[in-house]
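What follows is the residue order along each chain.
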Amino acid sequence: MISLINKIPLLLSLFLCVPQIFADATISGIEDEAEDNVKIMLSIQKEKCDAPKWKIEGLFENADQEIDQALRALGYYHAAIKKSLAFNKDCWKADFHINPGQRTLVSNVDIDIIGDAKDDPAFSILLQKMPLKQGSPLHHGRYETMKSKIESLALDSGYLQGSFTEKKLLIDKQNNTAQIKLTFDSGKRMVFGDISVQQDVLDDGFVKKYLSIKSGETYTSEQLAKTHNALSQSGYFDSVDIRSDLEHIQGHQVPVTIKLTAKKKAHYGFGVGFDTDIGPLLNASYINRRINRYGHFFTSNVDLSTVLSTAEVDYSIPLDKPMTDLFSFGGGLKREHTDTFNSMSATLSARHKHAYTNGWRQTIFLDYTYEDFTTDSDSGQTLLLVPGGSWLKSVSNDPLRPTEGYRVEFEVKGSYENPISDVSFLQGYLSAIWLHELPLGGKFIGRTLQGVTLVDQVTQLPTSYRFYAGGINSVRGYNYKELGPKDSSNNVEGGELLSVISAEYEQAVLENWGVAAFVDTGNAFNFDSIDFKTGVGLGVRWYSPVGPIRLDFALPLNESDSSFQIHFAAGGRL
């Protein structure tokens, strides 16, 4: 018994290794959509060599009917079929030569919209885009699409009781013509009736600011979807259920019930990570989603690493349009210890955030910062009052694994020397990345960083306001913030300008894996000392369930602190 059991896996392996022999059922005389439709309908096409002879003969007998049905759906009503079936000891073979005959053409399309939708411009536009017109080849699938598009538009536009009073497809087989006659009675257009919002954690007036629907306004699915998205993305609710009560329509008014389930008031987060720029990372966060019934919320975050540590708190107040406008104020501490400088800073900030309908996100800010810094060549304590603004737009075709898209961010900020601010300066910064899909699973990734500072002497600025280069998101092959202009003692002191350009090719090799080759060039420098550094390398990409992970092996082509760098980072680029 034991020896037999031991042989079962071997026998199964031998059985599974036997190649499956498929029969040969050939179709000729037709092509493209007609051939594809016949293959879908033809049952014998799906049988293998070991199928019983009686079954194959029965399917062969029924093949004429299946082929005729497949071709009629595309407007061929006079198909002539020549077929043959032969058996040998190993398999069978069926041949079908099909002459589809003349295709039926649409001779007339007559579509009438009656009711309130008769003068609706949306229906006029739809009728102009119908897939079947006079002279079009008849296609039953497209005829059904015409009807479903009219019904869908009616439902989306508030004609909830609309229906076809006439649906005719008249086919003249002798003359190979077809006439389409449709009459759609939209009935009365509905409006939103009573809107009931069921929730008990926020002020009703505040919640209504997220609603795109209002009693008495035209009923549309688009406004329902906007309302659902706004409530779902607000951050306050775990679930959003919007239901139109179509059974209790009164006076063409549709009652709507919105049931909201609140998220937990408090959220705690803890995490560990690793980044080759800043080393091992510990993270802790706390969010109070509802400070009060008017949607105020509080966030705090702490990141600890050997190179860069931050602690931030933020109190946010949604404004009159909470989906797009937010005011916040808060503070933060930052400690940065790199090979080129040490700094400790504290910041108080106020921000107004606005999201435009075209996708741009704007932040207008005012920072008041104290920084104590030390480089190899200078040190100081600086107090700065810095107003500024930033603008960001990110577009991609896939949030998890984009192949097309871009991200652009630029920022302008500055200060004017006065009793509460030590230095006058003006600074601009641009960050951009572009993804473009290439053939055979390839992808091009272009990236640039550009910055400029107008100041009497860059050493007047604390290190947080100077430009440095080097690291996984800058010039790979060099340490984090290793690059920049140097003083007379060859110590990096940070620059007035920043320019980095990167070109990368990524090739997918498996479903969730890819390899990459790249070249980065750039540096931080002053107006009188432009000196670009270049790094090249290869990388591995893993699109994990928790997000993309990058591992790069880079070589510096210029003088560097090391002969090569390994860069590791997680998270999307867009």
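The structure reproduced in this document is the subject of the present report. (Residues numbered from 1 in each chain as written. Predicted model: local features only at pLDDT ≥ 70, side-chain atom pairs only at ≥ 80, totals over all residues. Heavy atoms only, no water.)

The subject of this paragraph is the sheet that holds strand 5 (residues 163-172). Spatial ordering of the open sheet is given by 4-6-5, a layout of 3 strands whose pairing is mixed. Two strands close off the open sheet at either side, each with one partner strand: strand 4 (105-114) and strand 5. In this sheet, adjacent strand axes meet at a mean angle of 5° when their direction is disregarded. In the sheet, strand 4 pairs with strand 6 (residues 177-185) via 9 bridges, with the strands oriented parallel. The residue bridging L105 from the neighbouring strand is T177, located in strand 6. Packing against the sheet, helix 5 (residues 140-156) makes contact with strand 4, strand 5 and strand 6, and its axis sits at approximately 165° to strand 5. (Pairing = 2+ DSSP bridges. Helix = DSSP H or I, 4+ residues; strand = E, 2+ residues; numbered from the N terminus. Axes fitted to C-alpha atoms, helices over the stretch in contact; angles between N-to-C directions. Contact = heavy atoms within 4.5 Å.)

On to the nonpolar core. With 24 residues, the main nonpolar core has V38, I44 and F96 as its most contacted residues. For this core, the secondary-structure elements that each account for two or more residues are strand 1 (24-28), helix 2 (32-41), helix 3 (53-72) and strand 3 (92-99). The element that contributes the greatest number of residues to this core is helix 3, accounting for 7 residues. In this structure, F96 is in contact with T26, I27, S28, L42, I44, F60, A63, I67, K82 and K83, ignoring residues within four places of it in sequence. With 22 residues, the next largest nonpolar core counts M190, F192, L224 and V254 among its residues. (Core = buried A, V, L, I, M, F, W, Y, C linked by side-chain atoms within 4.5 Å. Buried < 20%, exposed > 50% of the residue type's maximum accessible area, 1.4 Å probe, protein only.)

Attention now goes to unusual backbone geometry. Even without being glycine, H252 reaches a positive phi, approximately 65°. Looking at the element boundaries, H252 is found in the loop between strand 8 (237-244) and strand 9 (253-262). One non-glycine residue with positive phi stands out, namely N490, at about 70°. Structurally, N490 can be placed in the loop between strand 20 (442-454) and strand 21 (497-510).

Moving on: the packing of helix 4 (residues 121-128) against helix 5. Between helix 4 and helix 5, the shortest axis-to-axis distance is 11 Å and the interhelical angle comes to 160°. If you check the angle between helix 4 and helix 5, you find them roughly antiparallel. Every pair of crossing elements has a handedness; the one defined by helix 4 and helix 5 is right-handed. Contact residues: A122, F123, L126 and L127 in helix 4; K149, I150, L153 and A154 in helix 5. In terms of residue class, the contact of helix 4 with helix 5 is built from 7 nonpolar, no polar and 1 charged. (Parallel < 35°, antiparallel > 145°, perpendicular 65-115°, else oblique. Left-handed = near helix turned anticlockwise from the far one by under 90°. Nonpolar A, V, L, I, M, F, W, Y, C, P; charged D, E, K, R; others polar.)

The geometry of helix 2 relative to helix 3 is characterised by a closest axis approach of 9 Å and an angle of 140° between their N-to-C directions. Overall, the two elements helix 2 and helix 3 adopt an arrangement that is oblique. For the element pair helix 2 and helix 3, the recorded crossing hand is right-handed. On helix 3, the residues that touch A34, N37, V38 and M41 of helix 2 are E66, I67, Q69, A70 and L71. Its residues assigned to classes, the contact of helix 2 with helix 3 shows 6 nonpolar, 2 polar and 1 charged.

In this fold, D561 is placed in the loop between strand 24 (547-556) and strand 25 (565-570). You can call D561 exposed: its relative accessible area is 54%. As a C-alpha pair, D561 and S474 span 87 residues in sequence and 16 Å in three-dimensional space. Residues contacting D561, with those up to four places away along its chain left out, are D339, N479 and E482.

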